[in-house]
Every structure is written in structure tokens, then in C-alpha cells.
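A look at the structure
Each chain is listed here by its residues.
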Amino acid sequence: MADKAVSEEASMDGQAPKPTSIPVTDNTVWADASPLLDAACIGLRYGELIHGDNFNLFAAMSALEIMDPKMDSGIVCRYYSIDEAIENGAAPVPISLDSTIDVQCTIDIMDHLLACEEEDLFTMTYGLPLNGDGDEKCLSMLNAVEETISRQLRACKATSSKRRVSEDLEPLQYNPNLEEGFCKALLCRLRFRKHFFHVLTCMKRPQGRGLELARKHIASCISELEFILKSAEFLQSCSGESCEDDIDDKTTASGREPIGFDASLNSRLSAPTPPRAIKILSWKKAVEYFVKLLHDLDVICSYSLDPHLENLLRFVVQFQKSQPDLVARSHLQLLLVQDGKLYGRDPIFAVITKAAALPEATKNHDIQKNESILQLGQCYYILQLVMNLLKILCTNAAWQRRKLGKILQDWRVIYLQLELALRNEFGEVSSSSNDENICMKIFQHILIWVEEQTYWIACRFLMLGFELELYSASEYCMVYWYSYAVLIKLAEKTHLKMAVSYDTAKRKGKKKRDSPKDLVRESRIPPAVLFLQCYICLAEGLTMMLAALRNEFMILQSPSPFNTEQEKFVQHFELLQRACIPDHASYLSFKESTTHARFSTLVMYNYFKDAQRIAKEVKSSFSNDPDRLAELRKLEQVAEHNSVALNLICRLGALDPSLKVSFEFSHHPFFATAVVRRS
């Protein structure tokens, strides 16, 4: 191994370096490679290298170029150990003999540590005994220090008001004009640490028992962060440095560089990556990060732990819209799935049976002991699928979409297995006349629910593509067409589940003759299905509008030299196609559906007006659901603007060649709004 002690000057001018002392630690034996490197520098031409007989092109991809700062981590770091940094004064212990400077530097260190906490998954402690005494001892020390500084702050206030001090306390430093400010700055930082520790501890309690207490500590954390921000003015006035221009880029409230930190230290220890210093957040951005994190944690803690799977999935999707960071998403995942149960208390299978709208008569029937299900292992498999789905929905958008696309096949397989088991056990469902067969009813309900859930996952998969900006404007037509096909099936399965559930309940309390009110109730479409119908109208309307623009005005056509439209179709929907979701959805059917789209047809049947009408009608059904009301308002805006744009294009499009049409996501993240302008 080449000795890193070879100086850069020696490698440049070809002179032999002076012998260096090579440290020997443990049983490691080092050999001085300086003469070999010296000879190589003299004898090799530019671009040549020394290699062994087993060296090949693959090994060249992993080779390191010595003395190159981008590759050789050994020349990037200034210090190789904590002891060396202390010896050279980079991390002095004690920090300073001047108590005022010592307090200032301590606060700077606390601020910089706050800025260093990002989504950091690196577990190296750089030789520091961070796990030595455990959390409990650390908390007791925090409490002791907080009490001491609180007493000192009271003493400061008593002195300033000329009251008698009952106890003799040693000040933090000996400038009386600065003592109160330093006490306040330290206290708010210590209290934030203490309350934040309690937040994380309470949120880890099983079955969500600590969520209410965690919210109180979250409020205290936010309050202390406000005091931390206010302390910046005092600390900057004490620093003696003029840094008003670049204070936003500093990692401390005072604007000074913290003592004892080396940003390049990680470059030497993270071997799989090129040597580079990690970019640290500025102090202000770090405070903003923690405020955002605390608000996200508060949303989790305020959740009612609803056992209904449909409401839970809607909550997680809504929560993800705020783009929570890894810490908040991890706590949500830990809350949802504990010991194989929802919230650590509700058996997953009980959650599934509730989601599948099983009739009351099946509650005491143990489907998990049914022989047909046990043979295929479907019961356990379904439980695993639901738990995996909950975990996946808590990940970031890119990872979530990738995983959702892969588990679609698993959901499709379990559906086919259940369908086969149902036929083998009971024959064709339509020919069965035994209404009292509870096991068959359970099979039917779960089969419908599994298919409904499969299409929900497919819909989520497609929508995340918009969030991740995976679709170009020329591809919107095929994406909305496929979304329309998936939404149609989702609405159909949702309606079927509700109809089967209503039919079962109706049979249980069947009257001699159906009343007119019952007949009207049966003919009504459930609000949840109408909500999906609004999506369907928008998706179909956008598909036809985009197709008509392409067919009549040759707009949004961008032939790629790299792949055809059919290849793009396969690339976007391959995972859905593998799982046959939905059946018979192919590129050929897409072309057949859109080739003859014309604006004259769109004017005759305006899908956007239908979406607008449905959104207005269904609002009253969700008066107690603010999230769905907000979503309906967005959908109504998209429908209204697109309806106006459609009429404008039909009226002026052929007469005005300067008319330009573009699509923006100004009202909804997934459904585009057409914008018509003159060029």
C-alpha cells in the first residue's frame, strides 16, 4: 500500500522525498513505498500506470489515483484522529481560558450540531463515546445543567433589580452585562434538546399511548426554537465580527465558525464514495427544518388511529403531500405497523374484514382456519401484502412508486388464487343458491376488496408519476387514457363492494315488500363512487382534448429519435401490463380510442362540464371531510378552466393560427389545466 506521507511537491518535481516515520499501530506492518513511487514518477509518461498481471478494465474502474484530491481521501483530511486535532489546537480542551469566549464557543458548537442533524444515516461516531452512558443519564445531566443555569438567570435578574440574592452562584462568565443574555441563549437550547428527546421517546411508546404527551412536548419545542431565533441578535452583537451579509450561510447564530469541526473528516471514512465534504445546512435553515419536522410529527400525533383501512390510506396519502422528511415518515411507519398489528393493537385480518365490508353474521367465523385458504397460504399472504403496503406508502415518492409497481403483481396473484379457491370450494358463484353459506360470503367480499385495492394501488402508481415529473407533455394523452381505464375499474369494484354489502344487509332485515324509499336508495350512486366518477370525467376529457389537439392542430407531437410512442407506452406501463391491470389495456386499444378524436365531438359531449356538475353535487356528502372538500374544489376548478379553454379552441382554433395551447398544473397536482394564448 502506498504511503500517504509522500509529499505533493515530490511527486511534481521528481525529487526523492525524505524518509518519513511510518506509525505502527496494533500488529499492522507498514512498508515505505516512497522509492517505488519516486521511480515511477521519473519513468512513467503521462497516462501510463503501474499494474499487476491480474489488472483488467473492470479493476481500472475501481482504481484510485494517488495525490488526486477528488480520489485520494488521504490528502483531503487535515487530521486523522481526535487526539491529533486536540494536539494541533483544532479542537482545544478546554476551549478557552477566557470564560466569556468559552461560553460563546459552547453555544456555537450547540448551533452547529443542530445544523448537522439531517437525514443522516451514517452510523460512524469518529471515535467519540456517544453511546457510553445512555439516554437516561444524558437526560438527568440535561436537567441538572438546566436547573443550574435557571438559578443563575434568576440571580442575574435579582441583581439587575437590586434584590438580594439568597444563594452564592458562580457565573457562566465574568462580564455582568452579558450574563443574562448568555443564560437565556443556553437555556432555550438545552430545553429544546430535552423536549425533543421527550417527543421521540413518547412517540415510540407502543399502541400510540404517548402521542398526546408528545404533542405537548412538540409545542414546547416550537416555543424554544422561537427563543433560539431571538437569541441570534444578542449573540451576533457579542461576536465582534461583522457578518451581516453572509450570516444566512453560517451554521451558528453568532455567525462565527464553530471550534472542533472538520467537514472533510467524513470523506476519509466513507470509502465507497468519492472524497467530498458533506454540505451542512445553515443555522437558519436548520431551525426551519426542525420547525417543519415538528409540525409533521404533530400531524402524526393528532391522528385518531382510525381502524378503517380506507381512512388510514387516505390519511397517509394526504400526509405525504406535505413532503415529510425521513424522520417523520419513519415514525409514521412505526406507529402503523407494530408487532404485526395495526397500531400494535388491531389484528390486520380484522382490519381487512372491516375494509371488505363483511356482513355481521361472519364476524364470529374464523376464516383463517378454512382448509382451502390454509392450503394456499392466502390468509398469511394477504396480511403480509397489507403490512407491506402500509410500509411502502410511508417511503419517499420515488421509492414508493417503484415498490408499488412491483407489488401489483403480488396483489394480482393473490386475487387469482382466491378466485380459484372460491370456484374449487363452492363452484360457480352465480349458480350457488345457498345464501347461508357464510364462508362463501367471506370469500366473495374479500375477493372484491382485493381487486378494488389492486386498482387503488395502480391509480396511486400512475399519479405519483406526475408528482415525480416522469411524464412529458407529449405523453400526457396516453397517461390520462391509462388512468381513465384504471379509474373505471376502481369505481366499478368500489361500487360492487358497496352493492354487495348493501344487498347482504338488506337480506338480513328483509321486509315483505320493498318500499318506494328503498327503491330510490338502491338506485342512488354512493358518494365515494361519484367522487371517483369526477376523476374519470376529467381523465377522459383530458385524453380526448389532448388527442384532438394532436389530430387536428398537430400540437404536442414530439417524435423522439431514441424511441417510438409505442416504446414509451411500454416503458411507462410495463409493470401494470405484467399484472394485466386492467385487462385488454394495450397500445393498440389506446390508438383506436384516440385516433378519431375531434373537437366537434368534444363540444357535443363535454366531459369537463360533467366533472364540474358531479363535483358540485357531491360536495354536500363530504361536508364533514375538509380534505375531500378541498380536493373537490380543486377538481371543480380544473373542470371549469378546461371547459372554457375547450370552447375557446373550438371557436377560434381553425381561424387563428397564432393560438397556442399549453398545459399547467396550477389547480391540481395530477390533472392539468389547458392554457390558451396567442403567440
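Residues numbered from 1 in each chain as written. Predicted model: local features only at pLDDT ≥ 70, side-chain atom pairs only at ≥ 80, totals over all residues. Heavy atoms only, no water.

Here is the rule: UniProt positions are given in the numbering used here, feature names are shortened, and annotations may be inferred rather than shown by experiment.
Per an unreviewed UniProt entry, the recorded name for the chain is N-alpha-acetyltransferase 35, NatC auxiliary subunit-like isoform X5, and the organism is Durio zibethinus. In its Sequence similarities (unreviewed entry) section, UniProt records this for the chain: "Belongs to the MAK10 family." For the record of the chain, the UniProt heading Subcellular location (unreviewed entry) holds the text "Cytoplasm".

**Comments concerning the sheet that holds strand S3 (residues 346-347)**
Short version of the rule: When DSSP locates at least two bridges between a pair of strands, those strands are taken to pair. Put simply, DSSP H or I for four residues or longer makes a helix, DSSP E for two residues or longer makes a strand, and each gets a number counted from the N terminus.
Strand order in the open sheet formed by three strands is S1-S2-S3, with antiparallel pairing between adjacent strands. Both outer strands of the open sheet, strand S1 (337-338) and S3, are each paired with one neighbouring strand and no more. Of the strand pairs in this sheet, strand S2 (residues 341-342) and S3 are connected by two bridges, and their pairing is antiparallel. Paired with leucine 342 across the strands is aspartate 346, a residue of S3.

**Focus on helix H10 (residues 283-301)**
Our working definition: Take the residue count of a helix, subtract one, and multiply by 1.5 Å to get its expected span. Accessible area is worked out with a 1.4 Å probe on protein chains only. A residue is then buried under 20% of its type maximum, exposed over 50%, and partly exposed in between. Working rule for contacts: check all heavy atoms of both residues, and any pair within 4.5 Å makes them a contact.
Here H10 is 19 residues long and its end C-alpha atoms lie 27 Å apart, about the 27 Å a rise of 1.5 Å per residue gives. Those residues of H10 lying buried are Trp283, Ala286, Val287, Tyr289, Phe290, Leu293, Leu294, Asp296, Leu297, Ile300 and Cys301. Close packing links the buried residues of H10 with helix H5 (99-116), helix H7 (176-203), helix H8 (211-239), helix H11 (309-320) and helix H12 (326-336).

**With respect to the environment of leucine 530**
Mapping leucine 530 onto the fold places it in helix H20 (residues 527-553). Sequence separation of leucine 530 and isoleucine 614 is 84 residues, and the distance between their C-alpha atoms is 6.9 Å. Excluding anything up to four places from it in sequence, leucine 530 contacts Ile525, Ile614 and Val618.

**Comments concerning the nonpolar core**
Threshold: Within this scheme, the nonpolar core is defined by two criteria: the residues are buried Ala, Val, Leu, Ile, Met, Phe, Trp, Tyr or Cys, and they are joined through side-chain atoms within 4.5 Å. Boundaries of every domain are those given by an automatic assignment or by a domain database.
Counting 163 residues, the largest nonpolar core has Trp449, Phe663 and Phe671 as its most contacted members. Mapping this core onto the domain boundaries places at least three of its residues in each of domain 1 (305-427 + 437-470) and domain 2 (471-505 + 524-678). Once residues within four sequence positions are removed from consideration, phenylalanine 671 is found in contact with Met463, Tyr480, Tyr535, Leu538, Ala539, Leu542, Leu635, Val638 and Phe665.

**So, the packing of aromatic side chains**
Selection criterion: By convention, a stacked pair of Phe, Tyr or Trp rings (six-membered ring in the case of Trp) has centres within 6.5 Å and planes under 30 degrees apart, an edge-to-face pair has planes over 60 apart, and any other such pair is tilted. Only when the NZ atom of a Lys or the CZ atom of an Arg is both within 6 Å of the ring centre and within 35 degrees of the ring normal do we say a charge sits over the ring.
Inspection of every chain in the model, using the stated rule, returns 29 aromatic pairs. Among the aromatic side chains, those forming a connected cluster through ring pairs are Phe466, Tyr471, Tyr476, Tyr480, Phe531, Tyr535, Phe622, Phe665 and Phe671. The ring centre of phenylalanine 461 lies 4.0 Å from the NZ or CZ of arginine 401, which sits over that ring.

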